[in-house]
Amino acid sequence: MIDIILKYKFLQHAIISGFLASIICGIIGTIIVEKKLVMLSGGIAHASFGGIGMGYFLNIEPIIGAFIFAIASSLGVVTIKEKSKINTDTIIGMFWVLGMALGIVFISLTPGYPPDVSSYLFGDILTVSKIDLYIMAILDCIVVFMVFAFFDYIKSYLFDKEFSNCIGINVKLMEYIVFLFIACSVVVLIKVVGIMLVIALLTVPPAISKLFTYDLKKIMGLSIVFGLLFSLIGLYISYKLHIASGATIIIVAVCSYIISLFFTRVLKRNA
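Conventions and cut-offs
- Residues numbered from 1 in each chain as written.
- Predicted model: local features only at pLDDT ≥ 70, side-chain atom pairs only at ≥ 80, totals over all residues.
- Heavy atoms only, no water.
- Helix = DSSP H or I, 4+ residues; strand = E, 2+ residues; numbered from the N terminus.
- Polar contact = N/O pair within 3.5 Å; in protein donor to acceptor, adjacent residues only side chain to side chain.
- Contact = heavy atoms within 4.5 Å.
- Core = buried A, V, L, I, M, F, W, Y, C linked by side-chain atoms within 4.5 Å.
- Buried < 20%, exposed > 50% of the residue type's maximum accessible area, 1.4 Å probe, protein only.
- Phe/Tyr/Trp six-rings, centres within 6.5 Å; stacked < 30°, edge-to-face > 60°.
- pLDDT = per-residue confidence, 0-100.
- Patch = residues over 30% accessible without salt bridge, like charges linked within 9 Å, V, L, I, M, F, W, Y side chains within 5 Å.
- Areas by Shrake-Rupley, 256 points an atom, 1.4 Å probe, with all protein chains shown as cover.
- Salt bridge = Lys/Arg side-chain N within 4 Å of Asp/Glu carboxyl O.
- Axes fitted to C-alpha atoms, helices over the stretch in contact; angles between N-to-C directions.
- Parallel < 35°, antiparallel > 145°, perpendicular 65-115°, else oblique.
- Left-handed = near helix turned anticlockwise from the far one by under 90°.
- Nonpolar A, V, L, I, M, F, W, Y, C, P; charged D, E, K, R; others polar.

A. Fine view of the side chain of Thr213. Along the chain, Thr213 turns up in the loop between α12 (198-209) and α13 (216-241). Only 3.1 Å separates the side chain of Thr213 from the backbone nitrogen of Asp215, close enough to count as a polar contact. Apart from the residues within four sequence positions on either side, Thr213 is in contact with Lys218, Ile219 and Leu222.

Shown next as structure tokens:
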């Protein structure tokens, strides 16, 4: 297997992308799980499909278009939420369907044959390009730096919003930053597991980690490790069986959660 990896560039890109994806899904996934923002991440992921369609229509890198739409939708959700009394789920739902609809319209207007968007919808870690890796690496660096530079503020915001406000933390600004983090994580994961499966890779590793510890930093660290393991195991299985890589990674992740949950409960009963 090592000889094959050294021989083929696409496998090297796949492993690097799995590593980069695991970093951001471990850190931001923990924030999403703790703050109960799972549906928001799904909404931003689906809204980013509009950017993918725009990328094909304007003949630019689709991931760049996805990044623009993900940022715009995350900022849009926070802004509307702050300035109106509309339920957050309603706003997320509107951006969700609007992004998908715009993506379909842009793709239908693209000259020539309709592009194949299956790798963006369902993920294909084997098709990750060098430019995708550069974008993922840049977003990873930004998110990691920001999270650890403001870790205490983020931790306070996650666990007690009112207390954070009382001690002088700008809660509104923190909310914008967290939503932008989620947008970045969605873009990083699109080519690995696809828009349809982003939620799983953002939530399953932190969910497993919380079975073993309640320390925020440890949850993030374990989530990164689990995310990398799921990516590598899923990649290996999909390569050997010639099946969809994104779906395989998610199946491995969810099965691992079920097994971990079972064993932790058995151990607690026997303790």
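B. Fine view of the nonpolar core. Membership of the largest hydrophobic core comes to 75 residues, with the highest contact counts inside it found for Ile28, Val147 and Ile182. It is helix α11 (residues 171-193) that provides the largest number of residues to this core, a total of 16 residues.

C. Region of the structure containing the environment of Glu82. Relative to the assigned elements, Glu82 resides in helix α5 (residues 62-83). For the pair Glu82 and Lys172, spaced 90 residues apart in sequence, the C-alpha separation works out to 8.5 Å. With sequence-adjacent residues up to four places away left out, Glu82 is seen in contact with Lys172 and Glu175.

D. How the structure looks around the environment of Ile64. Examined against the element boundaries, Ile64 turns out to sit in helix α5. Classification of Ile64 as partly exposed rests on a relative accessible area of 37%. Expressed as a C-alpha distance, the spacing of Ile64 and Lys36, which sit 28 residues apart in the sequence, is 27 Å.

E. Examining the packing of aromatic side chains more closely. Under the counting rule described, the total for this entry stands at 7 aromatic pairs. Arranged with centres 5.7 Å apart and planes meeting at 35°, the rings of Phe57 and Phe106 form a pair that is tilted. On the criterion of sequence distance, the pair formed by Phe57 in helix α4 (residues 49-58) and Phe106 in helix α6 (residues 88-109) is long-range, its members being 49 residues apart. Given the relative accessible area of 34%, Phe57 is considered partly exposed.

F. Highlighting the confidence of the model for the chain. Chain-level pLDDT for the chain is 85 on average; 97% of the residues reach the 70-or-more range. The lowest-confidence element of the chain is helix α1 (residues 2-7), averaging 58 in pLDDT; the highest-confidence one is α4, averaging 91.

G. Summary view of a nonpolar patch on the surface. On the surface, a nonpolar cluster with roughly 580 Å² of combined accessible area is contributed by Phe57, Leu58, Ile60, Ile64, Ile68, Val105 and Leu109. Contributions of two or more residues to the nonpolar patch are made by α4, α5 and α6. Relative accessible area serves as the criterion here: at 42%, Val105 is assigned to the partly exposed category.

H. Summary view of the pattern of salt bridges. Per the counting criterion, the structure on display carries 1 salt bridge. With a shortest N-O distance of 3.4 Å, Lys210 and Glu34 are connected by a salt bridge. Linking Lys210 in the loop between α12 and α13 with Glu34 in helix α2 (residues 9-35), this pair joins segments that are 176 residues apart in sequence.

I. Inspection of the packing of α4 against α6 at higher detail. Running from N to C, α4 and α6 point in directions that differ by 15°, and their axes come no closer than 6 Å. It follows from the interaxial angle that α4 and α6 lie roughly parallel. When the axes of α4 and α6 are compared, the crossing they make is left-handed. Along the contact surface, α4 presents Phe49, Gly50, Gly53, Met54 and Phe57, while α6 presents Gly99, Met100, Leu102, Gly103, Ile104, Phe106, Ile107 and Leu109. Counted by class, the contact of α4 with α6 contains 9 nonpolar, 4 polar and no charged residues.

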